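Below, each chain spelled out in residue letters.
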Amino acid sequence: MKKLLAICIVLVLTLSLSFSAFAAGAFVSSPSNNKTPELVDYKGDANCSSKPTITGYGDRDKLSPEDVKKIEDAYGEISGAKTPSDLVKDLTGDNLGVSDLFDLSFSDCGGNHDGHGAFDLTLNPDSVNGFEALIRKTDNGWEKVPNARVEGDHLLFTADSDAVYAIVVKTKTSSPQTGDNASTVLYVVAMFACVAGAAFVCKKVSAR
């Protein structure tokens, strides 16, 4: 009876840890581990004194409570998607994933005009290898940012309002990893530790 109980406990622990470790999501790297993309340069409307600010997901505690909710909601939507194509229908191609997530906001605007106008921004993210597209969250869902492109290690795009953005890249495999690689490693280690411990317990029980 004790042996059977021990085996059942092991199976439950193993299955739950395996599910946590290998749950699919549209992220291919953890945005919490990435540095906030560096704002290298920007050019805007001469009539607007606004300044763009980039805040990565890992630095979201620097945002206002409202903006924290926006970027965390965006993270949840990406984590719940199998592929970015589930969020943006005009994204095509296989093996796509999100490599970074960040907030863009404008500040110090004089306010003597309608809107900010269009800003051309140059960012230096952690990585743009395999860049496929830049997408942003709007009130109506996610959309592809037109004319976003990569030059060298820099990401260039045009923006005219606050929004949460995600960088989509082409991956090497068809099985996207979870949003936090570090946690996955810990889960796998814990899973094997549980299996080893259970084997030890079963051996002791059998010896009695």
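A.B. asks: Is there a simple way to explain the overall build of the protein chain in this structure?
C.D. replies: Looking only at helices and strands, the protein chain features 3 helices and 9 strands. Shown N-terminal to C-terminal, the secondary structure of the protein chain runs as helices and strands in the order α-β-β-α-β-β-β-β-β-β-β-α. Looking at the protein chain residue by residue over its 208 residues, the buried ones come to 38%.

A.B. asks: Looking at this structure, I do not really get the environment of lysine 35. What am I missing?
C.D. replies: One can find lysine 35 in the loop between helix H1 (2–22) and strand E1 (38–43). Between the C-alpha atoms of lysine 35 and phenylalanine 102, which are 67 residues apart in sequence, the distance is 10.0 Å. Not counting the four nearest positions on each side in its chain, lysine 35 is found in contact with Asp100 and Asp126.

A.B. asks: Looking at this model, I keep getting lost on the sheet that holds strand E8 (residues 154–159). Mind explaining?
C.D. replies: Each strand in a sheet pairs with its neighbour through backbone hydrogen bonds, running either in the same direction (parallel) or in the opposite one (antiparallel). The strand order E1-E4-E8-E7 describes an open sheet built from 4 strands, whose pairing is antiparallel. Unpaired on one side and paired on the other, E1 and strand E7 (149–151) mark the two borders of the sheet. Taken over all neighbouring pairs, the strand axes of this sheet differ in orientation by 30° on average, direction set aside. When E7 meets E8, the two strands line up antiparallel, connected through 3 bridges. Along E8, the bridge assignment pairs arginine 149 with leucine 156.

A.B. asks: Looking at this structure, I do not really get the pairing of strand E9 (residues 163–170). What am I missing?
C.D. replies: Regular strands have side chains that alternate between both faces of the sheet. Burial analysis of E9 places 7 of its 8 residues in the buried class, the great majority of the element. Note that strand E3 (residues 96–107) and E9 share 8 bridges and pair antiparallel. Paired with leucine 104 across the bridge in E9 is alanine 163.

A.B. asks: Can you help me understand the pattern of salt bridges in this one?
C.D. replies: A side chain of one charge can pair with a side chain of the opposite charge when the charged atoms of the two come close. Tallied over the full model, the rule gives 6 salt bridges. Two residues, glutamate 143 and arginine 136, come together in a salt bridge whose shortest N-O distance is 2.6 Å. Taking relative accessible area as the criterion, glutamate 143 reaches 30% and is therefore assigned partly exposed. Residue classification places arginine 136 among the buried residues on the basis of a relative accessible area of 17%.

A.B. asks: Just to check I follow, could you spell out the sheet that holds strand E5 (residues 131–138) for this structure?
C.D. replies: Overall, antiparallel pairing links the 5 strands, which are arranged E2-E3-E9-E5-E6 in an open sheet. Edge positions in the sheet fall to strand E2 (51–56) and strand E6 (141–144), since each has one partner strand and no second. With direction set aside, neighbouring strand axes in the sheet form an average angle of 30°. Inspection of the sheet shows E5 paired to E9 by 6 bridges, in the antiparallel sense. Looking at E9, one finds that phenylalanine 131 is bridged to valine 169. Packed on one face of the sheet, helix H2 (residues 65–79) meets E2, E3, E5, E6 and E9 and runs near 165° to E3.

A.B. asks: Sorry, what's going on with H2 here?
C.D. replies: Structural remark: α-helix, 3.6 residues per turn; residues separated by three or four positions point the same way. Between the first and last C-alpha of H2 there are 21 Å, a value that for 15 residues agrees with the 21 Å anticipated at 1.5 Å per step. Turning to H2, its buried residues are Asp67, Val68, Ile71, Ala74 and Ile78. What you see down the axis of H2 is that its buried residues fit within an arc of 130°, all on one side. Exposed positions of H2 whose direction lies more than 90 degrees from the buried face are Pro65, Glu66 and Lys69.

A.B. asks: For this particular structure, what's the right way to read unusual backbone geometry?
C.D. replies: Among all residues except glycine, the phi angle is most often negative; among peptide bonds, the trans geometry is most common. You will see that asparagine 95, though not glycine, has its phi angle at about 55°, which is positive. Summarising the element assignment, asparagine 95 is placed in the loop between H2 and E3. Residue class for asparagine 95 comes out partly exposed when judged on its relative accessible area of 28%. The phi dihedral of asparagine 147 falls on the positive side, at around 65°, and the residue is not glycine. The topology assignment puts asparagine 147 in the loop between E6 and E7. With a relative accessible area of 67%, asparagine 147 lands in the exposed category.

Criteria and cut-off values
Residues numbered from 1 in each chain as written. Predicted model: local features only at pLDDT ≥ 70, side-chain atom pairs only at ≥ 80, totals over all residues. Heavy atoms only, no water. Helix = DSSP H or I, 4+ residues; strand = E, 2+ residues; numbered from the N terminus. Buried < 20%, exposed > 50% of the residue type's maximum accessible area, 1.4 Å probe, protein only. Contact = heavy atoms within 4.5 Å. Pairing = 2+ DSSP bridges. Axes fitted to C-alpha atoms, helices over the stretch in contact; angles between N-to-C directions. Salt bridge = Lys/Arg side-chain N within 4 Å of Asp/Glu carboxyl O. Expected span 1.5 Å × (residues − 1). Arc of directions from axis to C-beta.

Bear in mind that shape data such as this cannot, by itself, settle questions of function.
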